[in-house]
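Each chain, written out:
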Amino acid sequence: MKSNIQFCDLSLPADSETLVWQKAKQVIHRNAYILGEEVHTFENEFAQYCDTTDCIGVATGCDALLWTMEALGIGKGDEVITVANTFIGTVLPIVKVGATPVLVDCDPMTQQIDPKAVAAAITNKTAAIVAVHLYGRLAPMDELLAISEKNGLLLLEDAAQAHGARYKGKRAGCIGKAAGFSF
C-alpha cells in the first residue's frame, strides 16, 4: 500500500480562511498594502515576538540582508563568511553590495555552519559573518559571537527558516547585530 506524505499543508479552517480573505479585501480596498497600518502593526508585533526592539518590513529576506549590509557599510573589498549549504538569497546580497562571499562548510552532524571553518576563513578583508539558521534550528551562536567579537566582525543572522526558534532561550533574529527573515 502506497501513501502520500504531505510536505506542507497550508489549508485553513473555513472560518479562518473567511477572516483572512475579508481582511485582505479591506487592505486592497484602502490601497494600504504598502506601508499601511497593518505593516506598522506587524512590525511592532513581530519585533516583540522576536524579543527585540525593532523590525522593518521589506519585500524579501534577500532585501532585508542587502539593506542591512548596506546600512552597516559592508561593500567592495570586504569579505563576508557564510555557510555553503544555504539558499542563494543569503549569497546574493553579499555580491550585490560588492563584497566577496566566502563559503564555509557545515558541521556534518548539525548541518549548521561550522565555527572552526569560520575561524579558519577569516582574513584581514573579512567584515562579517552571516549565520544561517536552517531547518528551524539556530546556528551555534555562542561560538560565532565569540569569533566575531574576537575579530571585530559583524554577526548577521539569516533567519528565514527559523521563525520563533530559540537558542539557549533567545529567539532567532535577536542574537546578532541584525537579522533577515522571509515569509
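The structure displayed is predicted, hence computed values, not measured ones.

Peer 1: Quick question: what am I supposed to make of a nonpolar patch on the surface here?
Peer 2: Among the surface-exposed residues, I28, Y33, I34 and L35 lie close enough to one another that they form a single nonpolar patch of about 510 Å² accessible area. Relative to the helices and strands, I28 resides in helix α1 (residues 14-29).

Peer 1: Would you take a moment to explain the packing of aromatic side chains for this structure?
Peer 2: The geometry of an aromatic ring pair is captured by two quantities: the separation of the ring centres and the angle between the planes. Taken as a whole and assessed by the stated rule, the structure comprises five aromatic pairs. On the numbers, 4.9 Å between centres and 90° between planes, the contact of F46 with F181 is edge-to-face. Of this pair, F46 sits in helix α2 (residues 37-49) while F181 sits in the segment after β7 (178-180); the two residues are 135 residues apart in sequence, bridging distant segments of the chain. Through a chain of ring-to-ring contacts, the aromatic side chains of F42, F46, Y49, F181 and F183 assemble into a single cluster. The positively charged end of R171 is found above the aromatic ring belonging to Y49, 4.1 Å away from the centroid.

Peer 1: I'm lost on the sheet that holds strand β3 (residues 126-132) in this one. Help?
Peer 2: Through backbone hydrogen bonds, the strands of a sheet pair up, either in parallel or in antiparallel fashion. An order of β2-β1-β3-β4-β7 is seen for the five strands of this open sheet, with the pairing classed as parallel. Unpaired on one side and paired on the other, β2 (100-104) and β7 mark the two borders of the sheet. Here the average twist between neighbouring strands, direction ignored, is 25°. When strand β4 (residues 154-158) meets β7, the two strands line up parallel, connected through three bridges. Looking across to β7, one finds that E157 is bridged to A179. Set on the sheet, helix α4 (residues 88-96) makes contact with β1 (79-83), β2, β3 and β4; between it and β2 the angle comes to about 145°.

Peer 1: Looking at this structure, I do not really get the pattern of salt bridges. What am I missing?
Peer 2: Between side chains of opposite charge, a pair can form when the charged atoms approach closely. Inspection of every chain in the model, using the stated rule, returns four salt bridges. One salt bridge in this structure joins E38 and K23, with 3.7 Å as the shortest N-O distance. Within this pair, whereas E38 is found in helix α2, its partner K23 is found in helix α1, the two being separated by 15 residues in sequence. When its relative accessible area of 40% is taken as the criterion, K23 is described as partly exposed. Salt-bridge contacts for R166 lead to D51; the nearest nitrogen and oxygen are separated by 3.4 Å. Of the two residues, R166 is situated in strand β5 (residues 166-167) and D51 in the loop between α2 and α3 (61-71); the sequence distance between them amounts to 115 residues. Residue D51 is classed as partly exposed on the basis of its relative accessible area of 45%. Here the residues in one salt-bridge network are K23, R30 and E38, joined through shared partners.

Cut-offs used in this document
- Residues numbered from 1 in each chain as written.
- Predicted model: local features only at pLDDT ≥ 70, side-chain atom pairs only at ≥ 80, totals over all residues.
- Heavy atoms only, no water.
- Patch = residues over 30% accessible without salt bridge, like charges linked within 9 Å, V, L, I, M, F, W, Y side chains within 5 Å.
- Areas by Shrake-Rupley, 256 points an atom, 1.4 Å probe, with all protein chains shown as cover.
- Salt bridge = Lys/Arg side-chain N within 4 Å of Asp/Glu carboxyl O.
- Helix = DSSP H or I, 4+ residues; strand = E, 2+ residues; numbered from the N terminus.
- Phe/Tyr/Trp six-rings, centres within 6.5 Å; stacked < 30°, edge-to-face > 60°.
- Lys NZ or Arg CZ within 6 Å of the ring centre and 35° of its normal.
- Pairing = 2+ DSSP bridges.
- Axes fitted to C-alpha atoms, helices over the stretch in contact; angles between N-to-C directions.
- Contact = heavy atoms within 4.5 Å.
- Buried < 20%, exposed > 50% of the residue type's maximum accessible area, 1.4 Å probe, protein only.

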